[in-house]
Amino acid sequence: MTSNQDKTLKKLITQIIAVLSEDKRYLTFINHGQLEYNAFSITFWVNFEGLGGQNSVYIKIPKYIFYDNSIDFLSPITAFDRELAENELNSLKYLSNNWNKSCRVSFVNHLAYIDEYNAIVTERVFGSLLFEEFRRHDLLKKYKKPNNDLVMNGLYNFGKSLKLFHEKSSVSSTFKIKDVINKFDNYFIFLKSSGVSSKYLKSFFDIFIQFTDHNYHTFTSNNLKGIDIRQIFITNSQSLYVIDPGKLSQGYIEIDLARFVVTCRIIYWGTLRAFFHRAPHESFEEKFLNGYFGEGYLKSKTLNILILKEFFKQWQVVHSALSRRNWPFFIKYFIKKLYIDPFYKWQIARGLSELIKSN
């Protein structure tokens, strides 16, 4: 960290101390953690001494970085950075009053916002990342004992809690597949430009087109763009804490479900298991959907269509991320052809099969 960065960080921490001064949990500053740079934020923690002993807060500075190494802590705050922060703050404030916590699922508590640095201050959550526990339990085959499993119960509770949230704003609706066709077209155009064969994309659409003249009954409700298993902590008491709700919007209930299902299916992304097309056991996904729909549910065509859309979106995001890496062309080429494209084609083939079989 440069001297200018160090000075800026100290100024930010001084403001955090000041804004939390009336909260007796945060009376005396102890220390802070290292800055962590993510695709859309810079984060770190700050420890305090106060009521109840040592307490900690989490600082998130929304910033569009996305593998751009030229962006650092001192980079100017852009309009897009402000929008990211505003969306998250609005969601956290809404959820504090409208998310049912009876299933032991909560979102992090928002404490303050430091306008000068676009910094969101929340309570710090201590626990394990749910997706890491998911991987560990899957590898140990703990899904064979679903009724006693930490992750299984957590997934079930999250599905049930999400259902209660949707029901607060649920309105009967009709899913019109033509509303999402343009998004598929955009993904196809991008993927073609990234080297995915036109023949493959056409073969997918030739199968998919048979469903495009149909409408399906569903419900719309408030959606959360941040519904992602990688954004959830789980404690030993099986409580779940979601750290990033994302933008709040109106949409089909299956949009949230598809996002979460896809993040479960790509749980091994970045590992050799993904290279060899090893999927996590389906009982994890089923447990989440059982929590949402109840036992004996059947995936609707609407959900399966939106799962496919989400896979194409993720495929585009991965190609976009790779293009920003400062790696030699031939390395990026082989990563595309040997790892990225085969993985997503495999997932999409599974999704198409489920769509054809669904009600």
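One can find the structure itself at the top, above this paragraph.
Here is a short report on the structure shown in this document.

## A few points about the environment of leucine 139
Mapping leucine 139 onto the fold places it in helix H3 (residues 130-139). As a C-alpha pair, leucine 139 and proline 280 span 141 residues in sequence and 8.4 Å in three-dimensional space. If sequence neighbours within four positions are ignored, leucine 139 has contacts with Tyr268 and Arg273.

## Description of the sheet that holds strand S13 (residues 248-252)
Taking strand neighbours across the sheet as the criterion, the three strands line up as S9-S10-S13 in an open arrangement whose pairing is antiparallel. Of all the strands in the sheet, the pair left with one neighbour each is strand S9 (171-176) and S13. The sheet shows a mean angle of 40° between the axes of neighbouring strands, taken without regard to direction. Examined bridge by bridge, S9 and strand S10 (residues 215-224) share six bridges and lie antiparallel to one another. Note that in S10 the partner of lysine 176 across the bridge is asparagine 215. Those strands touched by helix H4 (residues 150-167) are S10 and S13, and its axis lies near 95° from that of S10.

## Examining helix H11 (residues 329-357)
The periodicity of an α-helix, 3.6 residues per turn, causes residues three or four positions apart to be oriented the same way. In a regular helix each residue adds 1.5 Å, so 29 residues correspond to 42 Å; H11 covers 41 Å between its end C-alpha atoms and thus fits that length. Residue lysine 336 marks the point of greatest curvature in H11, where the axis turns by about 40°. Within the sequence span of H11, burial applies to Lys332, Tyr339, Ile340, Asp341, Phe343, Tyr344, Gln347, Ile348, Gly351, Leu352, Glu354 and Leu355.

## Considering the packing of aromatic side chains
Counting across every chain of the model gives 37 aromatic pairs. In this arrangement the basic side chain of arginine 273 is found over the ring face of tyrosine 268, its NZ or CZ atom lying 4.6 Å from the centre. Its guanidinium or amino end placed over the ring of tyrosine 200, lysine 345 lies 4.9 Å from that ring's centre, counting from NZ or CZ.

## Considerations on the pattern of salt bridges
Applying the stated criterion across every chain, the model contains 16 salt bridges. Where lysine 63 meets aspartate 81, a salt bridge forms, and the shortest distance between an N and an O atom there is 3.4 Å. Note that lysine 63 is positioned in the loop between strand S4 (53-62) and helix H2 (79-98) and aspartate 81 in helix H2, a separation of 18 residues in sequence. Assessed through its relative accessible area of 2%, aspartate 81 is described here as buried. As a salt-bridge pair, glutamate 354 and arginine 265 come within 2.9 Å of each other at their nearest N and O atoms.

## What to know about the packing of helix H5 (residues 178-193) against helix H10 (residues 301-324)
With their axes 10 Å apart at the nearest point, H5 and H10 run at an angle of 30° to one another. Accordingly, the angle class assigned to the pair H5 and H10 is roughly parallel. Crossing hand, H5 versus H10: left-handed. From H5, Val180, Lys183, Phe184, Asn186, Tyr187, Phe188, Phe190 and Leu191 reach across to H10, where they touch Ile305, Leu306, Leu308, Lys309, Phe312, Lys313, Trp315, Gln316, His319 and Ser320. Residue classes in the contact of H5 with H10 are distributed as 11 nonpolar, four polar and three charged.

## Things to note about a nonpolar patch on the surface
A cluster of nonpolar residues, Leu272, Phe275, Phe276, Trp327, Phe329, Phe330, Ile331, Tyr333, Phe334 and Leu338, forms a patch on the protein surface that exposes about 1,100 Å² of accessible area. Counting residues per element, the ones that place at least two in the nonpolar patch are helix H8 (272-275) and H11. With respect to the helices, strands and loops of the structure, tryptophan 327 is situated in the loop between H10 and H11.

## Topic: H2
Counted at 1.5 Å a residue, the expected span for H2 with its 20 residues is 28 Å, and the 28 Å between its end C-alpha atoms agrees. Buried residues of H2: Asp81, Ala85, Asn87, Glu88, Leu89, Ser91, Leu92, Leu95 and Asn98, and no others.

## Regarding the sheet that holds strand S11 (residues 232-234)
If you trace the four strands from one edge of the open sheet to the other, you get S5-S12-S11-S8, paired in mixed fashion. Because the sheet does not close on itself, it has two edges, and the strands there are strand S5 (105-107) and strand S8 (128-129). Bridge count for S11 against strand S12 (residues 240-242) is three bridges, and the pairing is antiparallel. Paired with phenylalanine 233 across the strands is tyrosine 241, a residue of S12.

## Digging into the state of the cysteines
Scanning the model with the defined rule gives zero disulfides in all. Residue cysteine 103 stays outside any disulfide, its sulfur separated by 17 Å from that of cysteine 264, the closest cysteine. Relative accessible area serves as the criterion here: at 8%, cysteine 103 is assigned to the buried category. Residue class for cysteine 264 comes out buried when judged on its relative accessible area of 2%.

## Digging into the packing of helix H7 (residues 253-265) against helix H9 (residues 282-293)
Orientation of H7 relative to H9, taken along the N-to-C sense of each, is 160°, at an axis distance of 10 Å. It follows that H7 is roughly antiparallel to H9 by the angle criterion. Of the two elements, H7 crosses H9, and the hand of that crossing is right-handed. In this structure, H7 contributes Ile253, Leu257, Phe260, Val261 and Arg265 to the contact, and H9 contributes Glu285, Phe288, Leu289, Tyr292 and Phe293. Of the residues in the contact of H7 with H9, the class split is eight nonpolar, no polar and two charged.

## Description of the environment of phenylalanine 275
The residue phenylalanine 275 is located in helix H8 in this model. Separated by 22 residues in sequence, phenylalanine 275 and isoleucine 253 have C-alpha atoms that sit 32 Å apart. Filtering out sequence-adjacent residues up to four positions away, phenylalanine 275 remains in contact with Leu338 and Tyr339.

The rules behind the values
Residues numbered from 1 in each chain as written. Predicted model: local features only at pLDDT ≥ 70, side-chain atom pairs only at ≥ 80, totals over all residues. Heavy atoms only, no water. Helix = DSSP H or I, 4+ residues; strand = E, 2+ residues; numbered from the N terminus. Contact = heavy atoms within 4.5 Å. Pairing = 2+ DSSP bridges. Axes fitted to C-alpha atoms, helices over the stretch in contact; angles between N-to-C directions. Expected span 1.5 Å × (residues − 1). Bend = angle between axes of the 7 residues up to and from the residue. Buried < 20%, exposed > 50% of the residue type's maximum accessible area, 1.4 Å probe, protein only. Phe/Tyr/Trp six-rings, centres within 6.5 Å; stacked < 30°, edge-to-face > 60°. Lys NZ or Arg CZ within 6 Å of the ring centre and 35° of its normal. Salt bridge = Lys/Arg side-chain N within 4 Å of Asp/Glu carboxyl O. Parallel < 35°, antiparallel > 145°, perpendicular 65-115°, else oblique. Left-handed = near helix turned anticlockwise from the far one by under 90°. Nonpolar A, V, L, I, M, F, W, Y, C, P; charged D, E, K, R; others polar. Patch = residues over 30% accessible without salt bridge, like charges linked within 9 Å, V, L, I, M, F, W, Y side chains within 5 Å. Areas by Shrake-Rupley, 256 points an atom, 1.4 Å probe, with all protein chains shown as cover. Disulfide = S-S within 2.5 Å.

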